[in-house]
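This is what each chain is made of:
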Amino acid sequence: MINESQLKALHSFTNLLIEWFEKNGRDLPWRKTRDPYHILVSEIMLQQTNVEIVIPIYGEFLKQFPGIDDLARASLHQVRRITDKIGYTRRGKFLLEIAKEISKNRNGQFPSSLDELLDLKGIGRYTAGAILSFAFEINDKSAAIVDVNVERVISRVFGFWRDERNSKFDKKMWIFAEEFIMGGDVWKKNQAIMDLGATLCVSVKPRCYICPMNILCTYYEQIVPKITPLDSFFD
Ligand code: SF4
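None of the values given here were measured: they were computed from a predicted structure.

Draft legend 1. Looking closely at the overall build of the protein chain. If you tally the helices and strands in the protein chain, you get 12 helices and 0 strands. What you see for the protein chain is a C-alpha radius of gyration of 19 Å, in line with the 18 Å of a compact globule of 235 residues. Seen through its C-alpha atoms, the protein chain measures out along the principal axes to roughly 55 × 40 × 35 Å. Restricting to contacts in the protein chain with at least 6 residues of sequence separation, those with at least 24 account for 65%.

Structure follows, in structure tokens:
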């Protein structure tokens, strides 16, 4: 499904991205750990919430529940007292249920395969991939991730757009995300593409003029010239 020229472009994209990330990557607390429990907490907290809001709550949560067994022993009230500060009340429930399942039924052994992770209630394909790449650094396709940032970057750079009538879009997106991480460095690649989507390739007013991808980006080549100054997407 990926042709030769797209593969070549993907290779160039990856090299530029890593070079950019090594100089510009964000310093985030969950990037200093490979503990799957800590990664799980960060990923569940980051759902539908921005990084700045999550950082202090993530710290408070791990201070209160430093390990998965500590969390498994807590009451829902104790958990939600912290997680409700960032909204989306089901977060606390999911975290507690996952902790109980791993602590009680799996002897505290955190699952490290895609199928086992997907068996846990509250963990979908994106979160499973994030745990596999950011905690276990699994070097295979199971560690691929597609969230809104990744989707936006890949879609714009490689020039295929979401179309309600095109059911193949999601499949194609995952194939790109899987191909992107092949060849190793999965942790860095996935962190880098998420950072690009969160800082330069944002949904409104993407910062194309300072983006290292603009030399190969389809959106920059084909869409940007059609944007009139009045509805400029740029700062
Ligand atoms: S050039 Fe613009 S559209 Fe392309 S990846 Fe960079 S910010 Fe996104």
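There is more to say, and it comes next.
Draft legend 2. Structural view of the domain arrangement of the protein chain. Assigned domains of the protein chain: these are domain 1 (4-27 + 142-226) and domain 2 (35-136). Distance from the C-alpha centre of domain 1 to the C-alpha centre of domain 2: 27 Å. Contacts between domain 1 and domain 2 engage 9 residues on the former and 7 residues on the latter. The residue inventory of the side of domain 1 that touches domain 2, partitioned by class, reads 6 nonpolar, 2 polar and 1 charged.

Draft legend 3. Seen up close, the site of the ligand. In the vicinity of the ligand there are 14 residues, among which Cys201, Pro206, Cys208, Cys211 and Cys217 approach most closely. Sorting the residues of the shell around the ligand by element identifies α9 (148-158) and α12 (218-223) as the ones contributing at least two each. In terms of residues, the shell around the ligand owes the most to one element, α9, which gives 3 residues. Considered class by class, the residues forming the shell around the ligand number 11 nonpolar, 1 polar and 2 charged.

Draft legend 4. Seen up close, the nonpolar core. With 58 residues, the main nonpolar core has Val41, Leu95, Ile98 and Ile131 as its most contacted residues. No other element matches helix α2 (residues 36-46), which puts 7 residues into this core. Residue contributions to this core reach at least three from each of two domains, namely domain 1 (4-27 + 142-226) and domain 2 (35-136). Not counting the four nearest positions on each side in its chain, valine 41 is found in contact with Tyr58, Phe61, Leu62 and Leu95.

Draft legend 5. Unusual backbone geometry, seen in detail. Phi angles above zero are rare outside glycine, and glutamate 137 is one such case at about 50°. Mapped onto the elements of the fold, glutamate 137 is located in the loop between α8 (125-134) and α9. Exposure remark for glutamate 137: the 15 C-beta atoms within 10 Å place this residue in the partly exposed category.

Draft legend 6. Structural detail: the environment of glutamine 222. Within the element layout of this structure, glutamine 222 appears in helix α12. In the structure, glutamine 222 is positioned 66 residues away from arginine 156 in sequence and 9.9 Å away in space, judged by C-alpha atoms.

Draft legend 7. Expanded view of the packing of α9 against helix α10 (residues 168-181). Their axes nearest at 10 Å, the elements α9 and α10 cross at an angle of 95°. With respect to α10, the axis of α9 lies roughly perpendicular. Packed against α9, whose contacting residues are Val150, Glu151, Ile154 and Phe158, the element α10 presents Met173, Phe176 and Ala177 at the interface. Class assignment for the residues of the contact of α9 with α10 results in 6 nonpolar, no polar and 1 charged.

Draft legend 8. Representation of α10 in the model. Taking 1.5 Å per residue as the helical rise, α10 with its 14 residues ought to reach 20 Å, and the 21 Å between its terminal C-alpha atoms agrees with that figure. Of the positions making up α10, those classed as buried are Phe176, Ala177, Phe180 and Ile181. Each buried residue of α10 lies within a common arc of 125° when the element is viewed along its axis, so the set occupies one face. In this structure, α10 carries Lys168 and Lys171 as exposed residues pointing more than 90 degrees from its buried face. Residues of α10 that are buried sit in contact with α1 (4-24), α9 and α11 (186-199).

Draft legend 9. Examining helix α6 (residues 90-105) more closely. With 16 residues, α6 ought to run about 22 Å at 1.5 Å a step, and its terminal C-alpha atoms sit 22 Å apart, in line with that. What α6 keeps buried is the set Arg91, Gly92, Phe94, Leu95, Leu96, Ile98, Ala99, Ile102 and Ser103. Downstream of α6 by one or two residues, asparagine 107 has phi in the positive range, about 50°.

Draft legend 10. Layout of the packing of α9 against α11. Relative to each other, α9 and α11 sit at 85°, their axes nearing to 8 Å. Put simply, α9 runs roughly perpendicular to α11. For the pair α9 and α11, the contacting residues are Asn149, Val150, Arg152 and Val153 in the first and Ile193, Met194, Leu196, Gly197 and Ala198 in the second. Looking at the contact of α9 with α11, its residues break down into 6 nonpolar, 2 polar and 1 charged.

About the criteria used
Residues numbered from 1 in each chain as written. Predicted model: local features only at pLDDT ≥ 70, side-chain atom pairs only at ≥ 80, totals over all residues. Helix = DSSP H or I, 4+ residues; strand = E, 2+ residues; numbered from the N terminus. Rg over C-alpha atoms; globule rule 2.2 N^0.38 Å. Contact = placed C-beta atoms within 7 Å. Domains from an automatic or database assignment. Nonpolar A, V, L, I, M, F, W, Y, C, P; charged D, E, K, R; others polar. Near = placed C-beta within 6 Å. Core = buried A, V, L, I, M, F, W, Y, C linked by C-beta atoms within 7 Å. Buried ≥ 20, exposed ≤ 12 C-beta atoms within 10 Å, placed from the backbone. Axes fitted to C-alpha atoms, helices over the stretch in contact; angles between N-to-C directions. Parallel < 35°, antiparallel > 145°, perpendicular 65-115°, else oblique. Expected span 1.5 Å × (residues − 1). Arc of directions from axis to C-beta.

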